[in-house]
Amino acid sequence: MLTLPLNSTESNLATTGGKGHNLSILSRENIFVPDGFVVTISAYHAFVNQKNGLLQTTTLLQQIGSTLRSQESDDLDLDEASAIIQEAFRKQRLSKELRNEISMRLAELDPNINLAIR
């Protein structure tokens, strides 16, 4: 599953991460949490492992790590590296399956509410 409702009993740290899981716990304990859903960690992994762009950032991250370990940070502008990674995320398209699942979850929500996306 690529998304889960906030009140899902399937939520745990491994499926929805810390923030999503904590919101799920609060929701199930009848503490007011606005309706919503969580994009799962599996969906994130599928997103970053698509073969049209983000895999290149893995190489960049390895370069950043090795540069920092060797303390030759003058060889790489970390702000520039960060900007490249951010741009790669912006350009990456969501899979059709994830777009459909997000659309389905949004359709279940009150159309007159404001949404928070984190």
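Coordinates for the structure precede this section.
Residues numbered from 1 in each chain as written. Predicted model: local features only at pLDDT ≥ 70, side-chain atom pairs only at ≥ 80, totals over all residues. Heavy atoms only, no water.

### So, the environment of Phe47
Logical step 1: Note on placement: Phe47 falls in helix 2 (residues 41–48).
Logical step 2: Note: C-alpha distance between Phe47 and Arg93 (46 residues apart in sequence) is 8.1 Å. (Helix = DSSP H or I, 4+ residues; strand = E, 2+ residues; numbered from the N terminus.)

### With respect to the environment of Ala46
Logical step 1: Looking at the element boundaries, Ala46 is found in helix 2.
Logical step 2: A C-alpha to C-alpha distance of 9.3 Å links Ala46 and Leu94, two positions 48 residues apart in sequence.

### Structural notes on the pattern of salt bridges
Logical step 1: In this structure the tally under the stated criterion is 1 salt bridge.
Logical step 2: Note that Arg105 is salt-bridged to Glu108, the shortest N-O span being 3.8 Å. (Salt bridge = Lys/Arg side-chain N within 4 Å of Asp/Glu carboxyl O.)

### Points about the side chain of His21
Logical step 1: One can find His21 in helix 1 (residues 13–28).
Logical step 2: Contact partners of His21, with chain neighbours within four places excluded, come to Ser11, Asn12, Leu13, Thr16 and Arg28. (Contact = heavy atoms within 4.5 Å.)

### Regarding the layout of surface pockets
Logical step 1: If you add up the space inside the largest pocket, you get close to 920 Å³.
Logical step 2: In terms of lining residues, the largest pocket is bounded by 28 residues, among which Phe37, Val38, Ala116, Ile117 and Arg118 are the most central.
Logical step 3: Where the lining of the largest pocket is concerned, the elements lending two or more residues are helix 1, strand 2 (37–39), helix 2 and helix 5 (96–107).
Logical step 4: Among the elements that line the lining of the largest pocket, the one with the most residues is helix 1, at 5 residues.
Logical step 5: Partitioning the lining of the largest pocket into residue classes produces 19 nonpolar, 6 polar and 3 charged. (1 Å grid on protein atoms, 1.4 Å probe; cavity = no way out; pocket = protein on both sides within 12 Å on 5 of 7 lines; lining within 4 Å. Points joined across faces, edges and corners; volume = space filled by probe spheres on them. Nonpolar A, V, L, I, M, F, W, Y, C, P; charged D, E, K, R; others polar.)

### Side note on the packing of aromatic side chains
Two aromatic rings, taken as a pair, are described by how far apart their centres are and by the angle between their planes.
Logical step 1: Summed over all chains, the structure comprises 2 aromatic pairs.
Logical step 2: With centroids separated by 6.5 Å and ring planes inclined at 15°, the aromatic side chains of Tyr44 and Phe89 adopt a geometry described as stacked. Placement of the pair is Tyr44 in helix 2 and Phe89 in helix 4 (residues 78–91), with a sequence separation of 45 residues.
Logical step 3: Note on Tyr44: relative accessible area 44%, which makes it partly exposed.
Logical step 4: Residue classification places Phe89 among the partly exposed residues on the basis of a relative accessible area of 31%.
Logical step 5: Here Phe47 and Phe89 contribute two aromatic rings whose centre-to-centre distance is 5.9 Å and whose plane-to-plane angle is 40°, an arrangement assigned as tilted. Pair noted here: Phe47 is in helix 2 and Phe89 is in helix 4, with a separation of 42 residues, a long-range link.
Logical step 6: By relative accessible area, which is 12% here, Phe47 ends up buried.
Logical step 7: One aromatic cluster is present, built from ring pairs that chain together Tyr44, Phe47 and Phe89. (Phe/Tyr/Trp six-rings, centres within 6.5 Å; stacked < 30°, edge-to-face > 60°. Buried < 20%, exposed > 50% of the residue type's maximum accessible area, 1.4 Å probe, protein only.)

### Some words on helix 5
Logical step 1: Along its 12 residues, helix 5 runs 16 Å from first to last C-alpha, staying within 8% of the 16 Å computed at 1.5 Å per residue.
Logical step 2: Listed as buried for helix 5 are Leu98, Glu101, Ile102 and Arg105. All buried residues of helix 5 lie within an arc of 100° about the axis, which places them on one face of the element. Of the exposed residues in helix 5, those oriented more than 90 degrees away from the buried face are Lys96 and Ala107.
Logical step 3: Those residues of helix 5 hidden inside the fold are in contact with strand 1 (3–5), strand 2 and helix 2. (Expected span 1.5 Å × (residues − 1). Arc of directions from axis to C-beta.)

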